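Chain by chain, the residues:
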Amino acid sequence: MSDDSQTIAIMLFSELLAADHAVRSRLTRVLPKGMEISHFSVLNHLAWHGDESSPARLAERFGVTRGAMTNTLTKLEWSGYVHIRPDWDDARRKMVAISPAGRQARDDAVAAIAPMINEVVESLGENQTRAALPILREIRIKLS
């Protein structure tokens, strides 16, 4: 890798890390009280896909350990946001579904973060935002 290529790579990752930090910081401030980004992410995933998922599948999807996902799911279950039941086909496994309260909490969170997200998209412009999506998606896939 040439020095120029290495410099560009470092600049790219510096920007990604800075953007990640800024997004997390702003999201944390606007999410409903007591909701963490990890909670929102799981609720959003379950609401978006509309079906049950196993904790192991969720851990893999989010790139976290099973223990970390179990911790997040336990907190969500205590809040009444998810239902966790045994897998009817294999009682050693569990299945997770979003509850009506969880769907409402997710919707409240989306409503709370929408103004911030819309502000960023409006300042970038729709065309620039659309152009960025495939690049960001490709970076995410290559890093997965």
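Preceding this section is the structure that the text describes.
Procedures and definitions
Residues numbered from 1 in each chain as written. Predicted model: local features only at pLDDT ≥ 70, side-chain atom pairs only at ≥ 80, totals over all residues. Heavy atoms only, no water. Helix = DSSP H or I, 4+ residues; strand = E, 2+ residues; numbered from the N terminus. Contact = heavy atoms within 4.5 Å. Areas by Shrake-Rupley, 256 points an atom, 1.4 Å probe, with all protein chains shown as cover. Lys, Arg positive; Asp, Glu negative; His and termini not counted. Charge placed at Lys NZ, Arg CZ, Asp CG, Glu CD. Salt bridge = Lys/Arg side-chain N within 4 Å of Asp/Glu carboxyl O. Buried < 20%, exposed > 50% of the residue type's maximum accessible area, 1.4 Å probe, protein only. Patch = residues over 30% accessible without salt bridge, like charges linked within 9 Å, V, L, I, M, F, W, Y side chains within 5 Å. 1 Å grid on protein atoms, 1.4 Å probe; cavity = no way out; pocket = protein on both sides within 12 Å on 5 of 7 lines; lining within 4 Å. Points joined across faces, edges and corners; volume = space filled by probe spheres on them. Nonpolar A, V, L, I, M, F, W, Y, C, P; charged D, E, K, R; others polar.

This part is about the overall build of the protein. When helices and strands are tallied, the protein shows 6 helices and 2 strands. Start at the N end of the protein and walk to the C end: the helices and strands fall as α-α-α-α-β-β-α-α. Principal-axis analysis of the C-alpha atoms gives the protein an extent of 55 × 35 × 25 Å. In the protein, 51% of the contacts between residues at least 6 apart in sequence involve partners at least 24 apart. Accessible area of the protein: about 10300 Å², with a carbon and sulfur share of 57%. In the protein, 18 side chains carry a positive charge and 18 a negative one; their mean positions are 5 Å apart.

A separate point is the pattern of salt bridges. This structure, assessed with the given rule, holds 9 salt bridges. Residues Glu119 and Arg26 are paired through a salt bridge, measuring 3.7 Å at the closest nitrogen-oxygen approach. Of this pair, Glu119 sits in helix 5 (residues 100-124) while Arg26 sits in helix 1 (residues 3-30); the two residues are 93 residues apart in sequence, bridging distant segments of the chain. Judged by relative accessible area, Arg26 falls into the partly exposed class, the value being 29%. Across the pair Arg130 and Glu126 runs a salt bridge, and its minimum N-O distance is 2.9 Å. Of the two residues, Arg130 and Glu126 are both situated in helix 6 (residues 126-143); the distance of 4 residues between them amounts to about one turn of the helix. Here Arg130 and Glu126 have matching classes, each one exposed.

Let us look at the side chain of Arg106. Residue position: Arg106 is located in helix 5. Not counting residues within four places of it along the chain, the set of residues in contact with Arg106 comprises Phe40, Leu43, Asn44 and Ala47.

Now for a nonpolar patch on the surface. Taken together, Leu12, Phe13 and Leu143 make up a surface patch of nonpolar side chains, about 280 Å² in accessible area. Tracing the backbone through its elements, the reader meets Leu143 in helix 6. Under the relative-accessibility criterion, Leu143 is labelled exposed at 56%.

Of the pockets and cavities examined, the largest pocket occupies roughly 2700 Å³. Around the largest pocket, the lining is made up of 49 residues, and of these Asp20, Val23, Leu27, Leu136 and Arg140 lie nearest the centre. The greatest single-element share of the lining of the largest pocket, amounting to 13 residues, is contributed by helix 6. Within the lining of the largest pocket, the residues separate by chemical class into 29 nonpolar, 10 polar and 10 charged. As a volume, the second largest pocket reaches approximately 300 Å³. Taken together, Ser54, Pro55, Ala56, Arg66, Thr70, Leu73, Thr74, Glu77, Ile84, Arg85, Arg93 and Lys94 form the lining of the second largest pocket.

To continue, consider the side chain of His45. Inspection of the secondary structure assignment puts His45 in helix 2 (residues 37-49). Its relative accessible area of 15% is what places His45 among the buried residues. Setting aside chain neighbours within four positions, we find His45 in contact with Leu58, Arg61 and Phe62.

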